[in-house]
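Coordinates in review
Chain by chain, the residues run as shown.
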Amino acid sequence: MKFGIMVSEGPYTHQAADTAYNFIAAALEKGHEIYRVFFYHDGVNNGTRLTTPPQDDRNIVKRWSELAEKHEIDLVLCVAAAQRRGIADADESKRNGKDADNMAPGFRISGLGQLLEASIQADRMVVFGD
Amino acid sequence: MEETAGEIKKIMYVNRKAPYGTIYALEALEVVLIGAAFEQDVMMIFMDDGVFQLKKEQDTKALGVKNFSPTYRALEMYDVEKIYVEKESMEVRGLTVDDLIIPVEVKSNEEVTKMMGEADVLLNF
Amino acid sequence: MLHTVNKSPFDRHSLERCLRTCASGNAILLIEDGVYGGIKGSIIEDKVKDAMKDVKIYALEADVNSRGIKNHIMDGIQLVDYSGFVDLTTEYDKVQSWL
């Protein structure tokens, strides 16, 4: 089955990103397809490569990047939500005249249409948030 | 918008949160406006504290935040016509349709259950 | 339809809201802080038990165990792992997350 996922909260404060990750890992294990993970609201904070958790804690951002690489999953940060919260890739950073970018590998920044398109294309849409 | 032609889904936007205290209401509205381009069968339901999103007389001047409530009036131009408010949610909050910024259709909790059952996708905000 | 509830019923009313609105034949999965809604002897127990006549109620085992309440979960609530969570989403036609 094809799953679309929306993650609406950032990492660490709320459990949503962990639940979403564990759900996705289990779905892949069972042979399902993850059509897209769309990060919205504070969920875009899942996509900053500057995250540096303590050694003995899970690295939520790195975990997403590795999942994307291993399973070729489409991880999309909403552009409007990302701009508000200071998450940018090199192009976005340049376009907005910023002096740095911080998007983690495996993510891409795109519009809200990606959420709608996932909702239409996926067999199941599952929302994780606060 | 690749490969979406021909497939029409019933998408229900479930709005349960009040405006300003958190950003969910505003960013949900942004989804609905962008989503209009996809020409799906969309409906919005306002329930629980979500009914406060539609309250008339919002004045955010002193807050220093944009008052986005007039944007709900634009939904019609985006062909978002199915806008529902749950009756019980309004009642327990002391509101009536006269308090709302746009005309809505009032649905009972029972009808909301039925509508949710008939939707293809529920997007929760 | 599968409903997920992720809030403690002692802090927010999303579980009661869900119980009021879910239809007969639906299922409810308690996740994250929502698992506190499955505790025996709580003020919400009667409401949950009453709902169990019409809907199946599940709780995510990882969330139950991490909170130390495995031995407090009401009879009739089935524990599932993440794989079971995925199965529930495929078994039911859609998911309503009571965020």
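The text that follows walks through the structure, step by step, so that each part is easy to find. (Residues numbered from 1 in each chain as written. Chains lettered and ligands numbered in written order. Predicted model: local features only at pLDDT ≥ 70, side-chain atom pairs only at ≥ 80, totals over all residues. Heavy atoms only, no water.)

**A word on the overall build of chain A**
- Counting its regular elements, chain A contains five helices and five strands.
- Reading the helices (α) and strands (β) of chain A from amino to carboxyl end gives β-α-β-α-β-α-α-β-α-β.
- On C-alpha atoms alone, chain A measures out to a radius of gyration of 14 Å, which is about the 14 Å that the 2.2 N^0.38 rule sets for 130 residues.
- Counting only C-alpha atoms, chain A reaches 45 × 40 × 30 Å along its principal axes.
- In chain A, which comprises 130 residues, the share counted as buried stands at 62%.
- Summed over its atoms, the accessible surface of chain A is roughly 5,400 Å², and 44% of this surface lies on carbon and sulfur atoms.
- Averaged over its 15 positive side-chain charges, chain A has a centre that lies 3 Å from the centre of its 19 negative ones. (Helix = DSSP H or I, 4+ residues; strand = E, 2+ residues; numbered from the N terminus. Rg over C-alpha atoms; globule rule 2.2 N^0.38 Å. Buried < 20%, exposed > 50% of the residue type's maximum accessible area, 1.4 Å probe, protein only. Areas by Shrake-Rupley, 256 points an atom, 1.4 Å probe, with all protein chains shown as cover. Lys, Arg positive; Asp, Glu negative; His and termini not counted. Charge placed at Lys NZ, Arg CZ, Asp CG, Glu CD.)

**Some details on the interface of chain B and chain A**
- Taken together, the 24 residues of chain B in the interface contact 21 residues of chain A.
- Ranking the residues of chain B by area buried against chain A places Y24, E27 and L123 of chain B at the top, with a combined share of 26%.
- Linking E27 of chain B and R85 of chain A is a salt bridge whose minimum nitrogen-to-oxygen distance equals 3.0 Å.
- Remark: the boundary between chain B and chain A carries 10 residue pairs in polar contact (both at pLDDT 80 or more).
- Sorting the residues of the side of chain B that touches chain A by element identifies β1 (10-15), α1 (24-35) and β5 (121-124) of chain B as the ones contributing at least two each.
- Among the residues making up the side of chain B that touches chain A, the classes are represented as 13 nonpolar, four polar and seven charged. (Contact = heavy atoms within 4.5 Å. Buried area = accessible area lost by both parts, 1.4 Å probe. Salt bridge = Lys/Arg side-chain N within 4 Å of Asp/Glu carboxyl O. Polar contact = N/O pair within 3.5 Å; in protein donor to acceptor, adjacent residues only side chain to side chain. Nonpolar A, V, L, I, M, F, W, Y, C, P; charged D, E, K, R; others polar.)

**Some words on the packing of aromatic side chains**
- Tallying each qualifying case throughout the model produces 12 aromatic pairs over all chains.
- On the numbers, 5.4 Å between centres and 55 degrees between planes, the contact of Y20 of chain B with F68 of chain B is tilted. Taken as a pair, Y20 of chain B in the loop between β1 and α1 and F68 of chain B in the loop between β2 (41-46) and α2 (71-74) lie far apart in primary sequence, 48 residues in all.
- For Y20 of chain B, a relative accessible area of 28% corresponds to the partly exposed category.
- Taking the relative accessible area as the measure of exposure, F68 of chain B reaches 5% and is therefore buried.
- Within the aromatic cluster, the residues linked to one another by ring pairs are F3, F23 and F128 of chain A together with F85 of chain C.
- The cationic tip of R63 of chain A hangs over the ring face of Y21 of chain A; the distance from NZ or CZ to the ring centre is 4.2 Å. (Phe/Tyr/Trp six-rings, centres within 6.5 Å; stacked < 30°, edge-to-face > 60°. Lys NZ or Arg CZ within 6 Å of the ring centre and 35° of its normal.)

**Brief notes about the nonpolar core**
- Core analysis: the biggest nonpolar cluster contains 87 residues, and I5 and W64 of chain A together with Y13 and Y72 of chain B have the highest contact counts within it.
- Per-element accounting of this core gives the leading share, nine residues, to helix α1 (residues 16-29) of chain A.
- Contact partners of I5 of chain A, with chain neighbours within four places excluded, come to F23, I24, I34, R36, V37, F38, M125, V126 and F128 of chain A.
- Of all hydrophobic cores here, the second largest spans 33 residues; its members include V112 and M115 of chain B together with L30 and I77 of chain C. (Core = buried A, V, L, I, M, F, W, Y, C linked by side-chain atoms within 4.5 Å.)

**What to know about the interface of chain C and chain A**
- Contacts between chain C and chain A engage 20 residues on the former and 20 residues on the latter.
- Interface area, chain C with chain A, both sides summed: about 1,600 Å², of which 58% is carbon and sulfur.
- Three residues stand out in chain C for area buried against chain A, namely E32, Y82 and V86 of chain C, and they jointly supply 33% of the buried area on that side.
- In this structure, the connection of chain C to chain A is made through two salt bridges.
- Residue K30 of chain A is joined to D87 of chain C by a salt bridge in which the shortest nitrogen-to-oxygen separation is 3.0 Å.
- For the side of chain C that touches chain A, the element with the most residues is helix α4 (residues 82-91) of chain C, which contributes seven residues.
- Counted by class, the side of chain C that touches chain A contains seven nonpolar, five polar and eight charged residues.

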